There are 2 protein chains.
Amino acid sequence: MATEVDDGPGTEPAEKLTAATISLDAGFLLAKLHAGGSVLNNRALAAFDLKERSYSVLALANSGLEPTQREMAEFLSLDPSQIVALIDELEKRGLVIRAPGKLDRRAKIVSSTPEGEALFRRAEAAARDAESAALAGLSAPEIATLKGLLRKALWGPAA
Amino acid sequence: MATEVDDGPGTEPAEKLTAATISLDAGFLLAKLHAGGSVLNNRALAAFDLKERSYSVLALANSGLEPTQREMAEFLSLDPSQIVALIDELEKRGLVIRAPGKLDRRAKIVSSTPEGEALFRRAEAAARDAESAALAGLSAPEIATLKGLLRKALWGPAA
DNA sequence: ATAAATCGTTGACTTTTTCAACTATCCATA
DNA sequence: TATGGATAGTTGAAAAAGTCAACGATTTAT
């Protein structure tokens, strides 16, 4: 991530390079939209002393799905050691707790404290607003279509 | 990014966490699909001693649009200093050249050498295959819709 | 019982990102 | 037509993120 995006997408200064063939590349488009959204997201989450990463960990801890750290790592496309650091931080702040896995005591299940849940609720609302800003160029049905396609690409028709 | 993705999407081992509300978050979906695609992309580009970053710079140099480094930086959501390093590398390999801007001599226009163009053609084909693999879960029309929505979100209905 | 595999953790290492200078050049305007 | 402020590229340093191999504790397979 770097410069650009000061007031959300749509405010860019010309973008003559959109004519380059790389702007038809899905990977590039995903990266660029993600980059712009990240700026807005992190800006919104900073009010809660969270970043995209710690927010997503907090979200999984709040899911009620009792995820292990390993599952979090895989789901978030992060190295297990990065999860350790993120959870250390959240745990230190009293937002999540580690508990030994019920049927596998090697694993640790991460869940949210009441404080963590309260913070998550507020952060979630802010993140939703940031997403709206990042996708302001799309209508509600278009956003639904977009998300549906992304989900299908990731997990197939099932999910 | 990190672990996962060994044979493209659709080969994941369960993904129980898809039920978490964060998997409805556009930012998360964009990041995750991009992460998976990046692994495939970089794997494919490694055969040409390129990474996603250097490939995208090479692509812009091959666009015929005579981009300046600044324009590249903004378009690729990178810091200008990162562009310097990427171009240094490509220039050292004889794939691109810097030329002073015609009407602004501060700016440097980056364009491709014949060698750079030849390499780009081959790398482009490999990148296309990697994209197909990353989006294997979608049909051709769905991919077109997805790209269209991403482009619209970024640049509005025009582009 | 034993061996191999897995989970979380640590620490080292590399890469990427961020940011503040600095030079050269451009632009505005007095 | 000078002069001041902005902008393009570059450099270098510092912070953050990513990669990877090892280890103890535990589980699974034999």
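Keep in mind it's a predicted model, so treat the numbers as computed, not measured.

Calculation criteria
Residues numbered from 1 in each chain as written. Chains lettered and ligands numbered in written order. Predicted model: local features only at pLDDT ≥ 70, side-chain atom pairs only at ≥ 80, totals over all residues. Helix = DSSP H or I, 4+ residues; strand = E, 2+ residues; numbered from the N terminus. Buried ≥ 20, exposed ≤ 12 C-beta atoms within 10 Å, placed from the backbone. Contact = placed C-beta atoms within 7 Å. Core = buried A, V, L, I, M, F, W, Y, C linked by C-beta atoms within 7 Å. Near = placed C-beta within 6 Å. Nonpolar A, V, L, I, M, F, W, Y, C, P; charged D, E, K, R; others polar. Axes fitted to C-alpha atoms, helices over the stretch in contact; angles between N-to-C directions. Parallel < 35°, antiparallel > 145°, perpendicular 65-115°, else oblique. Left-handed = near helix turned anticlockwise from the far one by under 90°. Least-squares fit on C-alpha atoms with pLDDT ≥ 70 in both. Expected span 1.5 Å × (residues − 1). Arc of directions from axis to C-beta.

As a further point, take the overall build of chain A. If you tally the helices and strands in chain A, you get six helices and two strands. Beginning at the N terminus, the succession of helices and strands in chain A can be written as α-α-α-α-β-β-α-α. Once the C-alpha set of chain A is aligned to its principal axes, its extents read approximately 55 × 35 × 30 Å. For chain A, buried positions account for 44% of its 159 residues. Contacts in chain A between residues at least 24 apart in sequence constitute 57% of all its contacts with a sequence separation of at least 6.

Turning our attention to the nonpolar core. As a rule of thumb, soluble globular proteins bury nonpolar side chains together. The biggest cluster of nonpolar side chains holds 87 residues, and the ones touching the most others in it are Val57(A), Leu58(A), Val57(B) and Leu58(B). No other element matches helix H1 (residues 26-45) of chain A, which puts 10 residues into this core. With near-sequence residues (within four places) excluded, Leu58(B) lies in contact with Leu50(B), Leu90(B), Leu95(B), Val96(B), Ser112(B), Gly116(B) and Phe120(B).

In this section: the protein's contact with DNA strand C. What surrounds DNA strand C is a group of 20 residues, the closest being Thr68(A), Gln69(A), Arg70(A), Ser81(A) and Arg105(B). Those elements that provide at least two residues to the surface near DNA strand C are helix H3 (69-75) and helix H4 (80-92) of chain A together with helix H4 (80-92) of chain B. Its residues placed into classes, the surface near DNA strand C shows six nonpolar, five polar and nine charged.

Another point: the packing of helix H1 (residues 26-45) of chain B against helix H5 (residues 114-134) of chain B. Residues and elements named next belong to chain B. Remark: H1 packs on H5, axes separated minimally by 9 Å, with the N-to-C direction vectors making an angle of 150°. Judged by the angle between their axes, H1 and H5 are roughly antiparallel. Our pair here, H1 against H5, has a crossing hand that is right-handed. Contacts from Gly-36, Gly-37, Leu-40, Asn-41, Ala-44 and Leu-45 of H1 reach H5 at Ala-123, Ala-126, Ala-127, Asp-129, Ala-130, Glu-131, Ala-133 and Ala-134. Taken together, the residues of the contact of H1 with H5 sort by class into nine nonpolar, three polar and two charged.

All names here are of chain B. Summarising the element assignment, Gln-69 is placed in helix H3 (residues 69-75). For the pair Gln-69 and Lys-147, spaced 78 residues apart in sequence, the C-alpha to C-alpha distance is 26 Å. Beyond its immediate chain neighbours, meaning those up to four positions away, Gln-69 contacts Pro-80, Ile-83, Ile-87, Lys-108 and Val-110.

With that settled, the discussion passes to the relation of the copies chain A and chain B. For the match of chain A to chain B, the screw axis carries a shift of 0.0 Å, the RMSD comes to 0.0 Å, and the turn is 180°. Look at the turn and shift together and you get a two-fold axis relating the two. A high fraction, 100%, of the interface residues of chain A reappear at the interface in chain B, so the copies pair face to face through one surface.

Between chain A and chain B, the residue contacts involve 61 residues of the former and 61 residues of the latter. Taken together, the elements giving at least two residues each to the side of chain A that touches chain B come down to H1, helix H2 (52-61), H3, helix H5 (114-134) and helix H6 (140-155) of chain A. Broken down by element, the side of chain A that touches chain B gets its largest block of residues, 13 residues, from H1(A). Looking at the side of chain A that touches chain B residue by residue, the classes come out as 32 nonpolar, 15 polar and 14 charged.

Attention now goes to the protein's contact with DNA strand D. Surveying the vicinity of DNA strand D reveals 21 residues, the closest of which are Arg105(A), Gln69(B), Arg70(B), Ser81(B) and Arg106(B). Looking at the surface near DNA strand D, the elements that each hand over two or more residues are H4 of chain A together with H3 and H4 of chain B. Of the residues forming the surface near DNA strand D, the biggest block, four residues, is contributed by H4(B). Split into classes, the residues belonging to the surface near DNA strand D amount to seven nonpolar, five polar and nine charged.

Turning next to H2(A). Of all 10 residues in H2(A), nine are buried, a share of seventy percent or more. Among all positions in H2(A), only Glu52(A), Ser54(A), Tyr55(A), Ser56(A), Val57(A), Leu58(A), Ala59(A), Leu60(A) and Ala61(A) are buried.

Position of Gly64(A) among the secondary structure elements: in the loop between H2 and H3. Remark: the alpha-carbon pair of Gly64(A) and Ser81(A), spanning 17 residues in sequence, is separated by 23 Å.

For the rest of this paragraph, the subject is H4(B). All names here are of chain B. Taking 1.5 Å of rise per residue, 13 residues should cover 18 Å, and H4 covers 18 Å from first to last C-alpha, within 8% of that figure. Restricting attention to buried positions, one finds in H4 the residues Ile-83, Leu-86, Ile-87 and Leu-90. Each buried residue of H4 sits inside an arc of 95° when the element is viewed along its axis, so together they form one side. In this structure, H4 carries Ser-81, Asp-88 and Lys-92 as exposed residues pointing more than 90 degrees from its buried face.

Attention now moves to the packing of helix H2 (residues 52-61) of chain B against H4(B). Residues and elements named next belong to chain B. Where H2 contacts H4, the two axes come as close as 10 Å, and the packing angle between them is 80°. With respect to their mutual orientation, H2 and H4 come out roughly perpendicular. When H2 is examined against H4, the residues Arg-53, Ser-54, Val-57 and Leu-58 are found in contact with a partner set consisting of Ile-83, Leu-86, Ile-87, Glu-89 and Leu-90. A per-class count over the contact of H2 with H4 returns six nonpolar, one polar and two charged.

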